[in-house]
Structure formats: structure tokens, C-alpha cells
Amino acid sequence: MSFLEYAPAPESKAILNLKKSYGLFIGGEFVDGHGTPFQTISPADESLIAEVASANAADVDLAVATARRAYDSVWSRMSGADRGKYLFRIARLVQERARELAVAESLDNGKPIKESRDVDVPLVAAWFFYYAGWADKLDYAGLGAAPRALGVAAQVIPWNFPLLMLAWKIAPALAAGNTVVLKPAETTPLSALIFAEILQQAELPAGVVNIITGAGDTGAALVNHPDVNKVAFTGSTAVGRAIAKSTAGTGKKITLELGGKAANIVFDDAPIDQAIEGIVNGIFFNQGHVCCAGSRLLVQENVHDEVIDRLKQRLSTLRLGDPLDKNTDIGAINSKEQLDRIRELSNVGEEEGAERWTADCAIPDKGFWFAPTIFTNVSSSHRIAREEVFGPVLSVLTFRTPAEAIAKANNTPYGLSAGIWSDKGSKVLAVADQLRAGVVWANTFNRFDPASPFGGYKESGYGREGGRHGLAAYLQSSGFGPLPELVEGRTPKKPAKKSTKGAKK
Amino acid sequence: MTVEQAIALAPAERAIQLIGADLTEKSLKLHLDGLSGVDAVGLEARAADLSTRSIKTTSKAWALDKIIELIDLTTLEGADTPGKVRSLVAKAMTPDASDPSCPRPAAVCVYGDMVPVAAEALGSLKGLDQPGGGINVAAVATAFPSGRASLAVKLADTRDAVANGADEIDMVIDRGAFLSGRYGLVFDQIVAVKDACRKADGSFAHLKVILETGELNTYDNVRRASWLSILAGGDFIKTSTGKVSPAATLPVTLLMLQVVNDWHRLTGEKIGVKPAGGIRTSKDAIKYLVTVAETVGEEWLQPHLFRFGASSLLNDVLLQRQKLTTGRYSGPDYVTID
Amino acid sequence: MTRLSVPKTYKLYIGGKFPRSESGRVYEVASASGAFLANVAQASRKDARDAVRAARSAVAGWSGATGYNRGQVLYRIAELLEGRRAQFVEEIVQSEGVSADAAGKQVDAAIDVWVWYAGWADKYVQVAGNGNPVSGPYFNISTPEATGVVAVIAPQQSSLLGFVSVVAPALVSGNTVVVVASEKSPLSAISLSEVMATSDVPGGVVNVLTGSAAELAPWLAAHADVNAIDLAGAGETDWVDLQISAADTLKRVLTPEPGVPAPSVERVTFFTETKTVWHTKALI
């Protein structure tokens, strides 16, 4: 018997207490949706998990009105300390129900239980914990004394880190004093619906958080709703563009966290074994369904063969399979649509002339799967060097000098993240200085922390989530406004210091 | 500023193969200093990730038996007596009195002057490689654990142990020399000890080189010392004496396995790894098996390429084994104190 | 026949344990109306010495923990305090002679102060630290770190709220604390120590001495292994002499306050040292 064929180590689903169908969570209760209900399935075997309500325009109206009422009558009148206490309660409940949430997430999303258990859910709790502490300390956020909330926030999140993206949206919004209507992604509503139960356990005042399930139409109705003050969106650049356009002129504050095609730069003086881990983590963690994935490996030409060789050896111990098996490293692709897109772009890669290599993985019969794939001999002009695949596909390019690495890394409309691998501190910092990316990881990758701001340059979006900077998206800035009129005999007051919103180019 | 003299080193085969015939302390140092650095945070994260593997049911049963087969059952106390050593050997020969199917450890590890006692106690079972299996006698030597003695004394220590019948020698490197940059001295000592492992019949006692990673302190040092020990002719690289804390850790063992992997990719030759000290539970030992299999390959999970230097680990494994067979949690009364 | 109670013995809290004073001394703590409440350990200079030693050995672990971890530990104390609310209310009623309602308000305030400070542990660095735009090819960052061991003289007139208001802020950044509780009303401090001993607070992070501030403060002010001293509750002593004594080892000193100090992040950052690191940046 081969030891490496580890015996099954399934995480039990018995911890789940799923309903057969879920309604919309509005005003602190589950209510009926009036759109056409849909199903959520497990992408690992295409089995049905539950039926989920869909919110139509009237439901969206109700949700927004409920959030508005809760803002006006309860949440905006509540002290920051009390808002913080609710958020602390939520954090603790997430910790208490951590295993249940992790299993639900892996079941619905397809990601390995090892990741939802060890990465996603702990970060969710941490995010609520961190922002709980800010709720009564907004004076220190760097936005002037007693900054005010915006009101009702419309939040639309993607399917790749369902519960974590929910935490990234809800925690700062509530800490800052806003109420929320959030739409989870169509293929991954489950953890959000269990989260709604947690909100009931926390006794969060009704209407402060509303969770409405649905597809693109629901999302569009929500972000375009006239009584929404703030829109926060994480998802594709294409939809982000559409939102930026449709909300133009409405006065709504927008933050967008969009796609990426991050460069993971490996220099010849990189700590080699850790760099290999960093490459693997960068593109194969979460099946590559990561906006900040290191999908372009930029390797210094003089160590290219060595790196690729080691990389291939390393990939031979990656385990693809049942997301609920504790030893699985690579889970299922979230949906048929996404799988088709990954396959299509991979075929393009071959046609463009790149050399394709795929890890030897046994692919289950049912479900959506894609084995880790590496394309070498990729040039900057190839589509697979420019377009986001959002799957476990790595494109490998080379460079000769640090300056060339930087130029290639920056040569993209995206600018979300980047990785730098080198044992030399001065080079790491100089390269980091010049990368046009919102998050730069040096000798590590895919590190997230509620205290650390995250967000992109250029077409990867604008605004930051996490850290003190993450509060700015949900508070009124005192810095923007007209010059006061000249009063005879008195000099005009200097305009208030501009707040530094993260909309850099 | 002076120009260093290029002092010639003892002509160890692997070193010549890799560095060239012009083998000097200088060329050795250049090679060792040119090795890739280790990012400690990344190394430890990878070790932590390997620790999350869940080894259950049939895999666990296999792993438990394998762990036993890989143990060098050890007693290294100043207070060791013939009685203590005989008791240890008896335990190695019959680890679980209630279960004759229980495998045996690969070796017993004792001080050099206790080798005759161990050899006599083992009787016909002495010798790992005999048909039907057996148990080797490993002796620590070279002024273990500190290594602070003249080369002459360290070689005499080694020769005595070999003459007494030791099948394996666990030597310590001179950490003081290593930390003060005298790589040539460390190298030559290993070569000399390897030579002192020659038995009367011309074969060699197999040599494990203890780096004492706790004293080397940084992972970069461990990487260099691992390469140095392999180039000088060691058959195994070993983490620790067990007398210094920290002893074996998963990250440091992972690093040493990576070096062994690199050497194998480079030359096709397989070097063994032995973590020693501080591995007390089956749970921990299983993490090491996983780390070996996923770093350098399952092939290394055999006594010629991997050992655990341990004493109390054996009983914990036996307790786990008993649970797997009986279905209930066991207790200390059901395993023998050796 | 009313049930006979089992009165609690109040000891010192040092290094995670509850020893009696090495001097063997106790002093009587009476209720507001003069009734006997308890014999409380009267700490000596040697107890103070032991407390400082325990505090010093705990600094590396506590300041080395992540802000998130410290925040969680501090928040847990608030959870446990909340759970034992009735006990603390009763103790304050007995000790201060106030109504249960007033005592309840004090306990609630103490819990809320604790929660407020817990929330700073993973964010004060973002408020008090920053990158610096120096001229030249250098990465430059300033970060506030724990100063080390902080001695504290707790406010005399408030049993719980005063104590919490001076102890919590010092802990946020990773300092460990040796605190002299209010001489008149020390019981809440020891009960709070019981809460800390049963939560995740590592031994030695908080050390509580009961007794006379006038007797103990001079030893703490002079102690060379104490990095800072908060004289909040030392207003009735010769505190200027204490400040002079502290100056021998250049301790950071907070002078006495009337009443209970208000929650402030300045109380957190006062007990920190700002470290500025430069690193070259070069592409070639």
C-alpha cells in the first residue's frame, strides 16, 4: 500500500443543520422571496444542497426600506460602544460555530475543508473582532472627529470566499454605523444564510443586516436602488465597470474590488524552497479562485529551469478531490460556467504557443474539476498572460533584471497584488516601491489580516478593505466640500484637510 | 586584510565530485555560502501545513507500525548500567508483550562503552540486515554530546565502539568550529570519523552525523551543515543529541529532508535523515512520516533512510496500536516501562 | 437557622499564583460601616520585588503575542467579569457602602472600560505608528512597542472601576503590570485577579499587591527593573519624592490624578516606546 494514498479522512457533515429551503433574511427573519427560487449544489458531486429564494425588485425594495428604518430608528442612535458589543458577539458566535461554518462553506463552494477551517473561518472571526473594536474609536480613524456613517450600504459579494467576503463587507460597515443589504453570490449562498442565524443568536437589532439571495438581476436592482448611500462590490472587473457607470451622478459612495493578474516575481537569490511553496500557494490555493492570485510567475531567466523543475516535483504531492476530505489540497471548481472558462482559456494558451503541463491527478466522475496546470514559454503578449483565468492555471514568463521584472509586472491594466521573492532586503523594498499594486507580498503570498488594508490599483478597483483605511469606505469624509464664502473683512477659513481616500492611479 | 590560504581538505569523494579536485576549505566555504537561503517564516509555515494531514484508519495503522520499525530505541544517561541497557534491549526485542505481531525497532542506541552489553543481550537478533530482520546496535561517539575533545580522543572513542561491535556510529560535529567558520576543520573531522568506522572485515559502520541544530541556531546554518556533512561522507544527517533544547523540530527536519532531496536530484544518491529528541507522541511522529513522504518520497520511509531517535515514543505508539486493535483507549499499565 | 458562610481568604496575586505576604502581615479591611470584611495580605517590599520579577519574566511572551491575541485575552476578561457581575456588585456594596444600583453601574462601567481597551490591542499601532517619508532611498517605519514592566498605584477611592482604568491601558501594548490596589477597598482587585487566573492571562502579566501605597510605592519607584510608573492613586503620598526617585533610572512617570482616569488611548501609548527602522532600497 502506498502511504501517500492517505486513507479517507472525511470531515463529517453531521454538524450541519440545513433546511431544505431558505428564504430571504430581511428585518431579522427569514421571509419569502418573490423571484424564481433557485438551487444551490455541491460542485464536488453536483448534488442538491438546498433551495434558495430569489429576491425580485419588490423584495429589494423591502430590504432597503428595512435597512433604512433600522438605520434611522436604531442603529444611527446607538452608541459606538454598543455597536461594538454586537460585533464582538458576532465574532464569538462565529468562533463557536466555526466548524459548522467551515463544513457548509466547503460543501457549497468546493474549497478544501482544510482551507475553510484553517483560513477562511478564522479570518471571518478575526475580521469581526477587529472592527468591533473600531466602532467606538472612529475619532481615531483619521477622518476627523466624530465621522458620520453613510446610511444604507448595498453590498454584493463573489463566490470565491463567500463568508470571508461577507465579513469584509459587513464588519466595517456596521462598525462605522451603517446598516446593510448584502447579496451573496448565486452559487454560494449557504454560509451567508447560516450567518443570518448567527445574527439572530447575537440578537442584532432587526434590519441592521439584511441578506437577500439572488442572481445578477437582484444585484443590479440592489446597487441601483435610489435609497442606497453606499455600494461595495467585489467581483469581476466587467461588472465593476458596469456599476461605476450606472451609479455615476447618483452621489453614492462606491468601492470596488475587482480582478487581477498578479505577478509573482522570483529572483535568482530567492529562498528557493519557500519560493516554490509561494508559487504553489499563490496560484493553487483556493483552486486559483483568488482575485489576488499569483497567476503570472515572473522568474529570473537564469533560474527558470531549476524553478520549473522543482515546481513540477512539488505539484506531484498536491491532492485533488473531495473538498470535505481533510487531506484535500485542491477542491472543486465552483461551477460549470467557471470550469468552461478555465478550459477555454487553457486551450487558448496552447493555441498561442505556450507549453502546457498538467499535474497528474485522478479526476472524479461527477463534479467540476481542473487539475493544476502550468504554461511555460509564455510571453507578455499572450492572452494567458493578460486575461484573468480565475482557476488553477499558472503562466510562466521570464525576466533578466529587476527593472525588467518591474516593467513586466506593471504592464497590465490590473494592479491588485504582487509577490517578490528574494533574500535581499534592499531589493525587496526597492521593487515593492515600484510595483503598481495595492498589496505586495515579499517572501510570502496570500496573507490576509483584518488589520492589513487590501485593495487594488487601476482596473483592479478602488478603495481598501481591512485596517484603519478600511473604515474610510463607510464614513463621510469631512475633506470634500466647497470653499467657504468670503465674508467682508474676514479671511476665508482654510478648507478642511482632504481625507486620503484610496482612489490612486 | 589578508588573503586566505587555500588549505587542502581530506579528499572525500562526494566533495570532489561536486566541488572539484581543488578541494580546499576556501572552495568548500564558497560552495556552502552560495547555497540558497532559507526563509524561516515560509519554512515553518510549510511544516505547519504538513502537520494538518489527517492520517486515519488503514493509513494510521500502517504509520504506527512503520514508526516502530524506524525507531532507534535510545538510552543515553550518565547513570546507564548493564542492567538498564539489557532492559532496553529486551524492550526492543519484545516491544509489546501482549502482541507478538508488533514490529521491532531498527536499532538500540547506547554509549560506546555499553555496546558489548547491548550486543550480547541481542544475541542472534543483532543485525538489521540479516534475513528475517534484526536490530542494529548504534553507538554515540566523538565525545558525545558536546564534541569538545581532541580529534585523537574522538577517533579513539569511535574506534572503540566499532571494535565493540557497533553497527552504526552517531557522531557529533564540532559546533564551535562550525560557528567560528572553520568549515574545513568540521569537514576533516567527519572524514576521519568515517574512516574510523571501518570494521575488521573492511566494511564500514554506518555513520550518522549529528548537527545539533539547536546550537547551530539558524536555518541557514543547518542547511550549510547538512551539505557539509553529506559532502564529507555521512550516511545520515541527524538533528540533535537530545541533550540540548530545542532538539528535533518538524521545520528543521523538513529543511534537512530538502537538502537530502536536492542531493538526490543532483547525484541520484540517497542520504538518510534522523530527527532525535523531543518526539514523544505518535501524533508528532506521524507528522514526520508525512513530511518525509511529501518532501523526498515514500521510499525514504525505511530504516536505511530514516530513523527516529526516541525513547518514550515507543510506548505512546504501542498505546495507539492497542487502541486500533481493541477499540478502546489504553493506559500506561498496558505497556512496559522498559 | 441561616446557613453559615465560608468566607474567602484574600491573598496577593503574583506570577499567576495567590501567595500570602512573605512578611506574614495582614490588615483589616472593613465595610463602609466599620464591620469586619476580611484580613487582606499586607504586601512588603519583598513581595513587590517578587512581583517585579514575575512581571519581567512575562514581558517577552505577552509583548510577543499578536495584538489580536492580546485583544482576545482582554476581551475574555470582560466576558468573565460580566458572568460574575453579581459577585462584584455584592463586594462593592459591602466595601464602599453604596447601593446595589450604584455598585451595578460601577461594575458595568468597569466591564465597558475593559472592552474599550481590549479593542485597541490590534489597532493602536495604526494610530500611533506610521511610515515616514524620509529623504533618500530608505524604507522607514515608526512603531510603538511595549515599554516593559509598568508599576501602577491604583486610585484609592474606587474599588473596581479605578483599578480597571489604570491596569487595562498598560496591558494593551504588551506591558506587564505590578499594581498596588486601593488600600481601603482592595477586595475587588483580588476578585478580578481570580478572574484573570481563570482566563487566558499568562501568569505574571498582572501582579496585584494589597497594602499601603506609601510603603510600597517608593520601592517600585526606585526599582531599576521597572520601566514606567503610573502614580494615579498616589496623590495622598509624597509623590513628588517618588517622581524624583523614579528619575534615577529615567522611568516614564504618570503623575497622580484626582478621581478615576477616563479611558484614553494616550494612556495606552504613554507606556510604549516608538521604534523607527530604516532599511535601504536599491534595485541593482
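Residues numbered from 1 in each chain as written. Chains lettered and ligands numbered in written order. Predicted model: local features only at pLDDT ≥ 70, side-chain atom pairs only at ≥ 80, totals over all residues.

Caption draft 1: Here's a closer look at the overall build of chain A. Scanning chain A from terminus to terminus reveals 14 helices and 18 strands. Against the globule reference of 23 Å for 505 residues, chain A gives a C-alpha radius of gyration of 23 Å, in line with a compact fold. For the C-alpha atoms alone, the extent of chain A along its principal axes is close to 75 × 65 × 35 Å. Going through the 505 residues of chain A one by one, you find that 58% of them count as buried. For chain A, contacts bridging at least 24 residues in sequence account for 71% of all contacts bridging at least 6. (Helix = DSSP H or I, 4+ residues; strand = E, 2+ residues; numbered from the N terminus. Rg over C-alpha atoms; globule rule 2.2 N^0.38 Å. Buried ≥ 20, exposed ≤ 12 C-beta atoms within 10 Å, placed from the backbone. Contact = placed C-beta atoms within 7 Å.)

Caption draft 2: Representation of the overall build of chain C. Of the regular secondary structure elements, chain C holds 10 helices and 10 strands. At 20 Å, chain C has a C-alpha radius of gyration in line with the 19 Å of a compact globule built from 284 residues. By principal-axis analysis of the C-alpha atoms, chain C measures approximately 90 × 40 × 30 Å. Burial analysis of chain C (284 residues in total) assigns 50% to the buried set. When contacts within chain C are restricted to residue pairs at least 6 apart in sequence, those whose partners lie at least 24 apart make up 75%.

Caption draft 3: Quick peek at the nonpolar core. Counting residues in each nonpolar core, the largest one holds 253 residues, and the members touching the most others are A:Leu87, A:Phe128, A:Ile265, C:Trp114, C:Val152, C:Val167 and C:Val178. Sorting elements by how many residues they give to this core places helix H4 (residues 113–134) of chain A first, with 12 residues. Residues contacting C:Trp114, with those up to four places away along its chain left out, are C:Leu74, C:Ile77, C:Ala78, C:Leu81, C:Val164 and C:Ala168. Residues B:Leu64, B:Tyr219, B:Val222 and B:Phe306 belong to the second largest nonpolar core, which totals 109 residues. (Core = buried A, V, L, I, M, F, W, Y, C linked by C-beta atoms within 7 Å.)

Caption draft 4: Region of the structure containing the interface of chain C and chain A. Tallying the contact residues gives 21 residues for chain C and 24 residues for chain A. Taken together, the elements giving at least two residues each to the side of chain C that touches chain A come down to helix H2 (67–83), helix H4 (100–118), helix H5 (124–128) and strand S10 (272–280) of chain C. Of all the elements, H2(C) adds the most residues to the side of chain C that touches chain A, at 4 residues. Broken down by class, the residue content of the side of chain C that touches chain A amounts to 11 nonpolar, 6 polar and 4 charged. (Nonpolar A, V, L, I, M, F, W, Y, C, P; charged D, E, K, R; others polar.)

Caption draft 5: Expanded view of the pairing of strand S5 (residues 149–153) of chain C. Residue and element names in this part refer to chain C. In terms of residue burial, S5 counts as a mostly covered element, since 5 of its 5 residues are buried. Across the two faces of S5 the burial is the same, with Val149, Ala151 and Ile153 and Val150 and Val152 all buried. By the bridge criterion, 5 bridges tie S5 to strand S6 (residues 176–180) in an arrangement that is parallel. For Val150, the partnering residue across the bridge sits in S6 and is Val177. (Pairing = 2+ DSSP bridges.)

Caption draft 6: Summary view of helix H5 (residues 82–93) of chain B. Residue and element names in this part refer to chain B. Taking 1.5 Å of rise per residue, 12 residues should cover 16 Å, and H5 covers 16 Å from first to last C-alpha, within 8% of that figure. Every buried residue of H5 is listed here: Val85, Leu88, Val89, Lys91 and Ala92. Around the axis of H5, the buried residues are gathered within 155° of arc, so they sit on the same side. Residues of H5 that are buried make contact with strand S1 (71–74), strand S2 (107–111) and helix H6 (115–122). (Expected span 1.5 Å × (residues − 1). Arc of directions from axis to C-beta.)

Caption draft 7: Region of the structure containing the interface of chain B and chain A. Counting from both sides, the interface comprises 22 residues of chain B and, opposite them, 21 residues of chain A. Contributions of two or more residues to the side of chain B that touches chain A are made by helix H3 (40–50), helix H4 (57–69) and helix H13 (282–295) of chain B. Of the residues assigned to the side of chain B that touches chain A, the class counts are 7 nonpolar, 9 polar and 6 charged.

Caption draft 8: Representation of the sheet that holds strand S4 (residues 138–146) of chain C. Residue and element names in this part refer to chain C. The sheet built from 3 strands is open, its strands ordered S3-S4-S10 with antiparallel pairing. Looking at which strands have only one partner, the edges of the open sheet turn out to be strand S3 (130–131) and S10. For S3 and S4, the ladder comprises 2 bridges, and the chain directions are antiparallel. In the sheet register, Asn130 faces S4, and the bridge partner there is Ser142.

Caption draft 9: Molecular detail of the packing of H4(C) against helix H6 (residues 161–172) of chain C. Residue and element names in this part refer to chain C. Here H4 crosses H6 at 5°, and the two axes come no closer than 9 Å. Comparing the axis directions of H4 and H6 gives the class roughly parallel. In this structure, H4 uses Gln106, Ala109, Ala110, Val113, Trp114 and Tyr117 to contact H6, whose residues at the interface are Leu161, Val164, Ser165, Ala168, Pro169 and Val172. Per-class residue counts for the contact of H4 with H6 are 10 nonpolar, 2 polar and no charged. (Axes fitted to C-alpha atoms, helices over the stretch in contact; angles between N-to-C directions. Parallel < 35°, antiparallel > 145°, perpendicular 65-115°, else oblique.)

Caption draft 10: Spatial organisation of the environment of A:Pro43. Inspection of the secondary structure assignment puts A:Pro43 in the loop between strand S4 (38–41) and strand S5 (48–52). Ignoring anything within four residues of it in the chain, the contact list for A:Pro43 reads A:Gly110, A:Ala332, A:Ile333, A:Asn334, A:Ser335, A:Gly367 and A:Phe368.

Caption draft 11: Representation of helix H14 (residues 313–326) of chain B. All names here are of chain B. Between its terminal C-alpha atoms H14 stretches 20 Å, which fits the 20 Å expected from 14 residues at 1.5 Å a residue. Of all the residues in H14, the buried ones are Leu313, Leu314, Asn315, Asp316, Val317, Leu318, Gln320, Arg321 and Gln322. If you follow the buried residues of H14, they end up packed against H4, S1, H13 and strand S8 (308–310). Phi for Gly327, located one or two positions after H14, is positive at around 85°.

Caption draft 12: Layout of the sheet that holds strand S16 (residues 417–421) of chain A. Residues and elements named next belong to chain A. As summarised here, the arrangement of the 7 strands in space is S13-S14-S15-S12-S11-S16-S17, forming an open sheet in which the pairing is mixed. Edge positions in the open sheet fall to strand S13 (355–358) and strand S17 (439–442), since each of these has one partner strand only. Neighbour-to-neighbour, the strand axes of this sheet turn through a mean angle of 20°, independent of strand direction. Two strands pair when backbone bridges link them, and S16 and S17 are joined in this way by 4 bridges, in the parallel orientation.

Caption draft 13: Region of the structure containing the confidence of the model for chain C. When pLDDT is averaged along chain C, the result is 96; 100% of the residues meet or exceed 70. Predicted as a complex, the structure gets a pTM of 0.94 and an ipTM equal to 0.93. (pLDDT = per-residue confidence, 0-100.)

Caption draft 14: Representation of the environment of C:His223. Residue and element names in this part refer to chain C. Assignment of secondary structure puts His223 in the loop between helix H8 (213–222) and strand S8 (228–230). The exposure class assigned to His223 is buried, which follows from the 22 C-beta atoms found within 10 Å. Each C-alpha atom of the pair His223 and Leu250 lies 11 Å from the other, and the pair is 27 residues apart in sequence.

Caption draft 15: Representation of the confidence of the model for chain A within the structure. Residues of chain A with pLDDT of at least 70 account for 96%, and the chain-wide mean is 95. This stretch, residues 498–505 of chain A, has a pLDDT under 50; its non-local contacts, to residues over four places away or in other chains, come to 16 contacts.

Caption draft 16: Highlighting the environment of A:Ala403. Assignment of secondary structure puts A:Ala403 in helix H13 (residues 402–410). Sequence separation of A:Ala403 and A:Gly425 is 22 residues, and the distance between their C-alpha atoms is 16 Å.

Caption draft 17: Up close: the pairing of S16(A). Residue and element names in this part refer to chain A. With 5 of its 5 residues buried, S16 lies for the most part within the structure. Residues of S16 alternate between two faces, with Ser417, Gly419 and Trp421 on one and Ala418 and Ile420 on the opposite face, all of them buried. By the bridge criterion, 4 bridges tie strand S11 (residues 263–266) to S16 in an arrangement that is parallel. In the strand pairing of S16, Ala263 is matched with Ala418. As for the winding sense of the linkage, the β-α-β connection from S16 through helix H14 (residues 425–434) to S17 is right-handed. (Right-handed = clockwise from strand over helix to strand, strands pointing away.)

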